[in-house]
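# A structural walkthrough
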Amino acid sequence: MVGAALACALGSNPITASLRVLVMDRGGPTEVTSPLPEVPDLRVSTVTPASVQLFQDIGAWEDVAPPRSAAFQHMQVWDEGGNGYVRYSAGNVGLANMGYVAENRVLQAALMRRLKDFKNSTLFWPASLEALTLPSYAPEAHEGPSTNSLAELRLADGRTIQARLVVGADGARSRTRQLADLRTFSRSYHQRGIVASVRTQQANDTAWQRFLPTGPLALLPVRDGYSNIVWSTSVQQAMALEKASPQEFALAVNEALNGGSTPAGNPLLPSRSREEFVAPPAVSAGGSKQRSFPLTLAGAGRYVRPRLALVGDAAHVVHPLAGQGVNLGFGDVRALSAALTHAVETGRDPGELALLEEMYEEPRQRENGMMMVALDSLKHIFAPQSGFVASVRGLGLDLINGTPALKARIMKYAMG
Amino acid sequence: MASQCSPLHNQSASFLYNTRADGSQMSFSGSSGIHNRDANAEKGSALGSSINADEVLKFEEMAKDWWDPEGSSAPLHSMNPVRTKFTRDALCLCFGRDSSSAQPLHGLAILDVGCGGGLFSEALARLGASVTGIDASEAGILVAREHARADPVIHARTSYRNITAEQALDEGLQFDAVVASEVIEHVENVPEFCRSLAALTRDSGAVVVSTINRTAASYAVAIVGAEYLAQVVPRGTHDWSRFITPDELARLMEGVGLPQVSISGMFLNPVTSRWSLMNDTSVNYISYFKKKTVS
């Protein structure tokens, strides 16, 4: 998805449209039926306004826009254990909406369809990368090819391809990253995420997120009356929930979303600017079967090498907590296409290490690192259920809700 | 690194912060024009076409350093995007090209005088031009050729020759545009150099020159700063009194039929090590001249 977005970004800019782009994929392009299947796919992403802008710039937004996705006008985060909550409404800050939720395959199909319009791109599949030869890092390194020799890719079918720049957009278990010998770090949260499509009894225009003792549960509107559940919890509970019948699962979700006390806000804090807490809609069975997957945090120490750049999940994997993963990847696309535009304008080699370091890796590691730390620490703050942490957390949410400047700042960050 | 073989070429010899600059000079105009403090430099250009294995080894070593963005040519690497941008815009203006297109210099024949390892030549070639790089240093030429070989597009659009500007003129060569970047401050006979630049340029063509101004600021930066305080450049690399002011250059060029069209300062931010174009021309500057049409 992120790789296709990069190819579209390069194709839609007249300056970089001179670069010949070969898009390789293991399988064929994602296609979606029209109209879409009734029940939305399980894998969805929150699309921030910055990412919407990218889709609009490359001319792929109209294939994603509602009714194929859902806009949400409100965001509400609250805590099971305490009184704290925070609620954002687009109307209060003069926006039409807070963002969109779209199925990943809808995003992918929109990009692949648009990609075909760009004459500088060629789509090639099925392709499986077998070997990758890159120039050495520094001129002092005598081993290997000289610093400006082209990258060479060998495919499983024996073909070889030469390129000035190789972009690894092949996901969390990136083969490109592995062949380029870039180290990674990762941490398991010892939790699993459960995803499911559910129906809501009332229309849903809010991204809901409740922090439970076992982890956060999110309910996001997708389309056609369906919402998506992302529930992070202990491995044990995840296994049990995965086996549950749709009715049992809906019951468990409703209990998790609406059980316990309703936050009233902290009475000691001013309530003037506060938005009132709204109870989430009840969900009912009739969506998809629920699935679970392990939660991890992972990243590559370096995103670049001479003639190589990693983008999206190949470079960083974050907690699905805020649906930010794909937006970080689209942020990578913006930075890398800006770097390549600069390269074409000033006659620089697009695979030059200094260019990739300065204009791509440095700004993106800063940005992605901040988000990874933010999501990771949020996860840790919310994970344990100790009375003290929970009450501080509740107070924190309340402070955010009652402090417009702080609230606006956090929202701006979350909206990319 | 064979410093005694350091070439007569702009990219290693001319710049402020160049550790490899050992005082060797850009050789421009044959016998009378060479201002040479390093006899070895001439040896380099006198090697001719038969190269022995030792020399090949040396130039391979040098190739690695010239093209190392963190090596001795680091300031030129970082300057390259801004001088390329200025040159691209100047040539687009001169030849009525769309500067927002991908290859705005497509088809233009450009001469890069004092091309060294080919840093500027390659950038211009990527913008579409056919570039002839010349340098009095044979090592520079060999490095440039070797580097270009790795990229078929660059290889097809560049040719490098171990000749002086005067020799190119003797061959009757002419180009749409001639560039001389960080060269003129090392030339002995500047008026004659300017005449050659003019003669190598076709009518209505363009000449782009970048160099260092002769001001208190440039003295502070290039001599006191780089050679004495930071000691990143051997003392004596630059002779401040030989630097040329923009006014002097404009007058000289005007006199040979190359009126100045535009000029920009180039500023190296010492914190970020990035160059930018600016109005202040008190240290480094780059100028565009357009050759008058002879009717």
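Parameters and conventions
- Numbering of residues starts from 1 in each chain and follows the order in which that chain's sequence is written.
- All chains are assigned letters beginning with A, and all ligands numbers beginning with 1, in the order in which they are written.
- In view of the model being predicted, local features appear only for residues whose pLDDT reaches at least 70, and side-chain atom pairs are presented and counted only at 80 or more, with totals across whole chains, interfaces and linings using the full set of residues.
- Each side-chain value is derived from all of the structure's non-hydrogen atoms; neither hydrogens nor water enter the calculation.
- Per the convention used, a helix needs a DSSP run of H or I reaching at least four residues, while a strand needs a run of E reaching at least two, with both numbered from the N terminus.
- When a residue's accessible area, from a 1.4 Å probe over protein chains only, is under 20% of the maximum for its type it is buried; when over 50% it is exposed; and in between it is partly exposed.
- Pairs of residues are marked as contacts when any of their non-hydrogen atoms sit within 4.5 Å.
- UniProt positions are given in the numbering used here, feature names are shortened, and annotations may be inferred rather than shown by experiment.
- In plain words, nonpolar cores are sets of buried Ala, Val, Leu, Ile, Met, Phe, Trp, Tyr and Cys residues tied together by side-chain atoms within 4.5 Å.
- For the domains described, the bounds stem from an automatic or database domain assignment.
- Strand pairing is assigned whenever DSSP detects at least two bridges linking the two strands.
- For helices, the fitted line uses only the C-alpha atoms of the stretch in contact; every axis is such a line through C-alpha atoms, and the angle between N-to-C directions lies from 0 to 180 degrees.
- Here the expected span of a helix is defined as 1.5 Å times the quantity of residues minus one.
- Any pair of nitrogen or oxygen atoms within 3.5 Å is treated as a polar contact; in protein, a donor-acceptor pairing is required on top of that, and neighbouring residues in sequence qualify only through side-chain atoms on both sides.
- Buried area is calculated as the accessible area (1.4 Å probe) missing from two parts once they are joined, with the contributions of both summed.
- Here, a salt bridge means any Lys or Arg side-chain nitrogen found within 4 Å of an Asp or Glu carboxyl oxygen.
- The term disulfide is used for any two cysteine sulfur atoms that are within 2.5 Å.
- Under the scheme applied here, ten amino acids are nonpolar (Ala, Val, Leu, Ile, Met, Phe, Trp, Tyr, Cys and Pro), four are charged (Asp, Glu, Lys and Arg), and all others, including Gly, are polar.

What follows concerns the overall build of chain A. Scanning chain A from terminus to terminus reveals 10 helices and 20 strands. Buried positions account for 53% of the 416 residues belonging to chain A. Within chain A, residue pairs in contact and separated by at least 24 positions form 77% of the contacts whose partners lie at least 6 positions apart.

If you check UniProt for "domain: FAD-binding" (unreviewed entry), the listed places come out as residues 157-246 and 290-347 of chain A in our numbering. The span residues 157-246 of chain A carries 17% helix and 54% strand; its end-to-end C-alpha distance comes to 44 Å.

Bringing the nonpolar core into the picture now. All names here are of chain A. With 63 residues, the main nonpolar core has Phe55, Trp61, Leu111, Leu308, Leu336 and Tyr360 as its most contacted residues. Looking at this core element by element, the count peaks at 8 residues for helix α1 (residues 2-12). When we break this core down by domain, the ones giving at least three residues each are domain 1 (2-26 + 109-186 + 297-374) and domain 2 (44-58 + 70-101 + 189-295 + 385-414). The residues touching Trp61, leaving out its near neighbours within four places in the chain, are Val47, Val52, Phe55, Gln56 and Tyr100.

Moving on, we get to the sheet that holds strand β7 (residues 274-278) of chain B. Residues and elements named next belong to chain B. The 8 strands are arranged β3-β2-β1-β4-β5-β8-β6-β7 in an open sheet whose pairing can be described as mixed. This sheet does not close on itself; its edge strands, each paired only once, are β3 (158-161) and β7. The mean angle between the axes of side-by-side strands here comes to 20°, regardless of whether they run parallel or antiparallel. One ladder, built from 3 bridges, connects strand β1 (residues 109-113) with strand β4 (residues 175-181); its direction is parallel. Across the sheet, the residue bridging to Asp112 is Val179, located in β4.

This part takes up the sheet that holds strand β19 (residues 308-310) of chain A. Strand pairing in a sheet is mediated by backbone hydrogen bonds. Such pairs are either parallel or antiparallel. Residues and elements named next belong to chain A. If you walk across this open sheet you meet the 3 strands as β11-β19-β18, and the pairing is mixed. The strands lining the two open edges of the sheet, one partner per strand, are β11 (166-168) and β18 (304-305). Pairing analysis gives 3 bridges linking β11 to β19, with the strands arranged parallel. Across the sheet, Val166 pairs through a bridge with Leu308, a residue of β19.

Residues and elements named next belong to chain A. Between its first and last C-alpha atoms helix α3 (residues 104-115) spans 16 Å; for 12 residues at 1.5 Å apiece the expected length is 16 Å, and the two agree. Within α3, the full set of buried residues consists of Asn104, Val106, Leu107, Gln108, Ala109, Ala110, Leu111, Met112 and Leu115. Where the residues of α3 are buried, they touch α1, β1 (21-24), β2 (44-47), α2 (49-57), β6 (99-103) and β7 (121-124).

Let us now look at the UniProt feature "binding site: Mg(2+)" (unreviewed entry) in chain B. Residue and element names in this part refer to chain B. Here, UniProt's "binding site: Mg(2+)" (unreviewed entry) annotation points to Glu182, Glu185 and His186. With respect to the element layout, Glu182 can be found in the loop between β4 and α10 (190-200). Under the relative-accessibility criterion, Glu182 is labelled buried at 0%. Within the structure, Glu182 has its side chain in polar contact with the side chain of Ser210 (distance 2.6 Å).

With 20 residues of chain A at the interface, the matching set in chain B holds 20 residues. Carbon and sulfur atoms make up 51% of the area that chain A and chain B hide from each other, which totals about 1800 Å². Counting across the chain A and chain B interface gives 3 salt bridges. Between Glu358(A) and Arg274(B) there is a salt bridge, and its shortest N-O distance comes to 3.3 Å. For the pair chain A and chain B, the number of links is 5 residue pairs in polar contact (both at pLDDT 80 or more). Of all the elements in the fold, those that place two or more residues in the side of chain A that touches chain B are α7 (325-345) and α8 (353-382) of chain A.

Residue and element names in this part refer to chain B. Under the criterion given, the structure shown has 0 disulfides over all chains. Looking at the unpaired Cys92, the closest cysteine sulfur is the one in Cys94, lying at 10 Å. Looking at Cys92, the relative accessible area reads 4%, which means it is buried. Left without a disulfide partner, Cys194 is nearest to the cysteine sulfur of Cys94, which lies 18 Å away.

Before going further, it helps to examine the environment of Gly325(A). All names here are of chain A. Within the secondary structure, Gly325 is located in helix α7. Overall, Gly325 belongs to the partly exposed group, its relative accessible area being 25%. Counting along the chain gives 43 residues from Gly325 to Asn368, while the straight-line C-alpha distance between them is 9.5 Å.

In an α-helix, one full turn covers 3.6 residues, which means residues spaced three or four apart are oriented alike. Residues and elements named next belong to chain A. When the terminal C-alpha atoms of α7 are compared, their 31 Å separation across 21 residues agrees well with the 30 Å that a helix rising 1.5 Å per residue should span. Summarising burial for α7: 16 of the 21 residues are buried, a large majority. Just downstream of α7, Gly347 is the residue with a positive phi angle, here 70°.

As a general feature of sheets, a regular strand has side chains that alternate between the two faces. Alternating positions in strand β10 (residues 160-163) of chain A separate cleanly, Ile161(A) and Ala163(A) being buried on one face and Thr160(A) and Gln162(A) remaining unburied on the opposite face. Counted between consecutive antiparallel strands, the loop separating strand β9 (residues 151-155) of chain A from β10(A) contains 4 residues, among which Gly158(A) sits at a positive phi close to 95°.

The next thing to look at is the UniProt feature "binding site: S-adenosyl-L-methionine" (unreviewed entry) in chain B. All names here are of chain B. Cross-referencing UniProt, the feature "binding site: S-adenosyl-L-methionine" (unreviewed entry) maps to Arg83, Gly114, Asp135 and Ser181 in the present numbering. Here Gly114 shows up in the loop between β1 and α6 (119-126). Mapped onto the secondary structure, Ser181 falls in strand β4.

Residues and elements named next belong to chain A. Taken as a whole, this structure holds 28 salt bridges over all chains when the rule is applied. Among the salt bridges present, the one from Arg105 reaches Asp41, with a minimum N-O distance of 4.0 Å. Of this pair, Arg105 sits in helix α3 while Asp41 is found in the loop between β1 and β2, placing the two residues 64 residues apart along the sequence. In this structure, the salt-bridge partner of Arg114 is Asp117, at a minimum N-O distance of 2.6 Å. Residue Arg114 is classed as partly exposed on the basis of its relative accessible area, which comes to 23%. Residue Asp117 is classed as partly exposed on the basis of its relative accessible area of 43%. One connected set of salt bridges, linked through shared partners, spans Asp41, Glu103, Arg105, Arg223 and Asp224.

On to the environment of Ala338(A). Residues and elements named next belong to chain A. Relative to the helices and strands, Ala338 resides in helix α7. Looking at Ala338, the relative accessible area reads 39%, which means it is partly exposed. Residues Ala338 and Leu10 lie 328 residues apart in sequence; the distance between their C-alpha atoms is 9.1 Å.

Attention now goes to the domain arrangement of chain A. Residues and elements named next belong to chain A. If you check the domain split of chain A, you get domain 1 (2-26 + 109-186 + 297-374) and domain 2 (44-58 + 70-101 + 189-295 + 385-414). Taken together, the contact pairs 22 residues of domain 1 with 21 residues of domain 2. In total, domain 1 and domain 2 occlude about 1700 Å² of area from one another, counting both sides; carbon and sulfur atoms represent 61% of this. Linking domain 1 to domain 2 there are 1 salt bridge. Where Arg334 meets Asp57, a salt bridge forms, and the shortest distance between an N and an O atom there is 3.7 Å. At the junction of domain 1 and domain 2, the tally comes to 5 residue pairs in polar contact (both at pLDDT 80 or more). Listing elements by their share of the side of domain 1 that touches domain 2, those giving two or more residues are α1, α3, α7 and α8. Of the residues forming the side of domain 1 that touches domain 2, the biggest block, 5 residues, is contributed by α7. A class-by-class count of the residues in the side of domain 1 that touches domain 2 yields 14 nonpolar, 5 polar and 3 charged.

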